[in-house]
Amino acid sequence: MTQVTVKELAQVVDTPVERLLQQMREAGLPHSSAEQVVTDNEKQALLAHLKSSHGDKKAEEPRKITLQRKTTSTLKVAGSKTISVEVRKKKTFVKRSNEEIEAEKQRELEEQRAAAEAARLKAEEEAKRQAEEEAKRQAAAAPAERSEQVAAAPAVVDEPVAPVVEERKKEEPRRLDKSRSDDADRRGGERKTTQHRPTVKEKAPAPRVAPRTIDEESDGFRRGGRGKSKLKKRNQHGFQAPAGPVVREVSIGETITVGELAQQMSVKAAEVIKFMFKMGSPATINQVLDQETAQLVAEELGHKVKLVSDNALEEQLAESLKFEGEAISRAPVVTVMGHVDHGKTSLLDYIRRAKVASGEAGGITQHIGAYHVETERGMVTFLDTPGHAAFTAMRARGAKATDIVILVVAADDGVMPQTQEAVQHAKAAGVPIVVAVNKIDKPDANPDNIKNGLAALDVIPEEWGGDAPYVHVSAKMGTGVDELLEAVLLQAEVLELKAMPSAPGRGVVVESRLDKGRGPVATVLVQDGTLRQGDMVLVGSNYGRIRAMLDENGKPVKEAGPSIPVEILGLDGTPEAGDDMTVVADEKKAREVALFRQGKFREVKLARAHAGKLENIFESMGQEEKKTLNIVLKSDVRGSLEALQGSLSTLGNDEVQVRVVGGGVGGITESDANLALASNAVLFGFNVRADAGARKIVEAEGLDMRYYNVIYDIIEDVKKALTGMLGSDVRENILGIAEVRDVFRSPKFGAVAGCMVVEGTVYRNRPIRVLRDDVVIFEGELESLRRFKDDMAEVRNGMECGIAVKSYNDVKVGDKIEVFEKVQVARSL
Ligand code: GDP
């Protein structure tokens, strides 16, 4: 129980004596001088008072807190110095009185309120802005809507619009008050929206404002540029409400020329050409457009399109054919597919040997590309054209000849790329698959492996709950072949295949050839009806009377029913695989349609000739008679030209072929470009460039021109194009070209080329090539790029610069320095 004087206490609590005395008085203590003694009880009383008092700041409390914290922090940061403790001390002193806290709270509240207010204001503003925007949008949308209506019902909608303006003009010719100008603005906007839509229908509203043009404009459309009575019409219009836009019904056949199309829309051909140019496909007046393109053009120009099949003849033909009778079930037609060497041929041969020729004297005399076998369960017809070529080719021509696919997979090999491809083809065609797990006789056969592999391709075995029968066979030994046929027939039952044998025959061409002695010979599969010797048939764009008919063993037959393949003789030419065959009543009709088809074929081909891009060459090839990728190839030296020609021509398979239609050493010239255009070829420059003339043609005609500097790259691209797999690839972009005007020597860089940038921009940090006469003579990088004495990062078109090429000193006047970059381009179809 120590007793201290007020003074001592004041020292302890670090408070001036006066202040302590006052606090003591406030606490109700009797002390009045510094020397008076303070008892413990009195100290407690003072403390209690100080604690409970609100206003005065207390030194003791914070100090205590500080000390505590100091300890804690020291413990925490064991080993570290006291600096951190002092920081805490300061922090402690920040502790505020209740009033301050109160005030702080108040401030916070106010701030919150202010923030809320601000937010509210902002929200209001936002709402207002949105409303305005909405209004604007509506204002903008309204005319658009209106113009749509104009198209639909021109007379009705136009009238209320037109008079408004004119009335205003009359009423207030000079005044330009706010509402008026607003209105005018809006109308201005309206006009804009209508004007920038380049369709015929919108031209009508514009003339309202400038009445003088009404007659000319609408007349122009009326007459399609060929009317003579302009004056008369104008007079008429002078007193009539202006006519709305003329929406014409345009009949588009299989093909139509630009001129014809323009005529039908009653616009000038130039309009159409201009429009097509804008669409990115320049055309000439006599250019033949295919139906799709023509439809697009006509619709974009605001006309209604009526697609007419020009096949009136064909339709007549179809009508004239009476195809009726009792439908009975027919044999399935099977195609064997699978990876190379997995045993397709062996399987087909085995079946043919075992099932077809067994009873025939003399055996198989020839292959006709299809045969049928009789089994106990029924008949199966095989399209004996191994590989996916026939299947795909027929499908490409829209013919569906195959009912079931037998997928041959060698048990010792498993699922391979072409297996996968076959699955894709079959699935794409919606044809069920029967899996023949072949070479089961081999010791290293692993059939389960195949199930797993194929299941991954969604060919799920039946025993796994899927719908694909898996049959283990050996084409070599013949094991399992009967089971395979059985599985095929089971699938066929599910398909419920039907045909009408009593009807006239029709079918599809499997293959055809020109036989030296017998003329054109076509193998056709009768798909329905019955084909008879002496029938007049139309086959694709060929026709003829069937002089003779042979079965798969070369034996003459008089007739062939559904699912029976036969060779027919007597056609006037060799049709394509996949062409359809129909029996027609008379020769005249057959000839007419055949000729018509020939003509149409040419036209369609012509119309599509412009689609000759490497990317889509695969697709477009499907339409051509010879599936050929034509290439015009120019190269820097004869050596690489020959190497390339050699490797390119071996690239084809039985489906497609590569033909180098033109080639040579040197830059790509105008005549190369023309050759490419004429032969629907792609242009390849190997270490060479196109000259200005060639480039003009390439751009105008949309030819596909590619530059390469690695033989492998060309081969790869062509390969990919042939398989339709041209994916994203790295292509070079030429950024700029500088022409060497002068060469001088610099002690630092050696030869420096005084250049003029003639195209694009030359960049300091990009790879370059030096070209002489459009042939690449050097590839590398720049040593320096300067303008006067300054180093430049880039120099733009039309500017002069000094270029030094790293480790190259043979630059000559007239050379070109090409700056390029490599970019990843996605496949574009
Ligand atoms: P394709 O390319 O699919 O037509 O395959 P092939 O029918 O030409 O057969 C490729 C190779 O596999 C040939 O050497 C055949 O003899 C052999 N082969 C085919 N089937 C079998 C089989 O079941 N067992 C065995 N051991 N070899 C077979």
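Residues numbered from 1 in each chain as written. Predicted model: local features only at pLDDT ≥ 70, side-chain atom pairs only at ≥ 80, totals over all residues. Heavy atoms only, no water.

Caption draft 1: Seen up close, the packing of aromatic side chains. This model, assessed by the stated rule, comprises three aromatic pairs. Aromatic pair tyrosine 371 and phenylalanine 382: ring centres 5.6 Å apart, planes at 35°, arrangement tilted. Separated by 11 residues along the polypeptide, tyrosine 371 in strand E9 (residues 370–374) and phenylalanine 382 in strand E10 (residues 379–383) bring together distant segments of the chain. Residues phenylalanine 684 and tyrosine 708 carry aromatic rings whose centres are separated by 5.3 Å and whose planes lie at 80° to one another, so their mutual orientation is edge-to-face. Here phenylalanine 684 is found in strand E25 (residues 682–686), whereas its partner tyrosine 708 is found in strand E26 (residues 705–708), with 24 residues between them in sequence. With a relative accessible area of 0%, phenylalanine 684 lands in the buried category. Positioned over the ring face of tyrosine 707 is arginine 689, at 4.3 Å from the centre of the ring. Note that arginine 769 overlies the ring of phenylalanine 820, its terminal NZ or CZ placed 3.9 Å from the centroid. (Phe/Tyr/Trp six-rings, centres within 6.5 Å; stacked < 30°, edge-to-face > 60°. Helix = DSSP H or I, 4+ residues; strand = E, 2+ residues; numbered from the N terminus. Buried < 20%, exposed > 50% of the residue type's maximum accessible area, 1.4 Å probe, protein only. Lys NZ or Arg CZ within 6 Å of the ring centre and 35° of its normal.)

Caption draft 2: Up close: the pattern of salt bridges. Applying the stated criterion across every chain, the model contains 24 salt bridges. A salt bridge links arginine 513 to glutamate 567, with the nearest nitrogen and oxygen atoms 2.5 Å apart. In this pair, arginine 513 is assigned in strand E15 (residues 506–515) and glutamate 567 in strand E21 (residues 564–571), connecting sequence segments 54 residues apart. Here arginine 513 falls in the partly exposed class, since its relative accessible area comes to 30%. Here arginine 706 makes a salt bridge to aspartate 704, at a shortest N to O gap of 3.2 Å. You'll find arginine 706 and aspartate 704 in the same group, each marked buried. In the salt-bridge network here, residues are joined through shared partners; they are Arg513, Asp515, Arg518 and Glu567. (Salt bridge = Lys/Arg side-chain N within 4 Å of Asp/Glu carboxyl O.)

Caption draft 3: A look at the nonpolar core. Among the nonpolar cores identified, the biggest contains 26 residues, and Leu347, Ile351, Phe382, Ile406 and Leu484 are the most heavily contacted of them. Considering each element in turn, this core owes the most residues, seven residues, to helix H20 (residues 481–495). The residues touching leucine 484, leaving out its near neighbours within four places in the chain, are Leu347, Ile406, Val434, Val435, Ala436, Val471 and Val473. In this structure, Ala753, Leu782, Val795 and Ile817 belong to the second largest nonpolar core, which totals 20 residues. (Core = buried A, V, L, I, M, F, W, Y, C linked by side-chain atoms within 4.5 Å. Contact = heavy atoms within 4.5 Å.)

Caption draft 4: Focus on the site of the ligand. If you check the shell around the ligand, you find 15 residues, and the closest are Asp341, Lys344, Thr345, Ser346 and Asp441. Histidine 342 is positioned such that a nitrogen or oxygen atom in its backbone is 3.3 Å from an oxygen atom of the ligand. Relative to its unbound accessible area of 580 Å², the ligand is 74% covered by the protein chains. For the shell around the ligand, the leading source of residues is helix H16 (residues 344–356), giving three residues. (Near = heavy atom within 4 Å. Polar contact = N/O pair within 3.5 Å; in protein donor to acceptor, adjacent residues only side chain to side chain. Areas by Shrake-Rupley, 256 points an atom, 1.4 Å probe, with all protein chains shown as cover.)

Caption draft 5: Examining the environment of serine 563 more closely. If you trace the backbone, serine 563 turns up in the loop between strand E20 (559–560) and E21. Using a relative accessible area of 1% as the deciding quantity, one classes serine 563 as buried. Taking C-alpha positions, serine 563 is 8.1 Å from histidine 372, a pair spaced 191 residues apart along the chain. A distance of 2.6 Å separates a polar side-chain atom of serine 563 from the backbone oxygen of alanine 331.

Caption draft 6: Main features of the environment of valine 408. Among the secondary structure elements, valine 408 is positioned in strand E11 (residues 404–410). Sequence spacing of valine 408 and valine 434 is 26 residues, and the spatial spacing of their C-alpha atoms is 8.7 Å. In contact with valine 408, other than residues within four places in its own chain, are Val336, Met337, Gly338, His339, His342, Gly343, Lys344, Leu347, Ala436 and Asn438.

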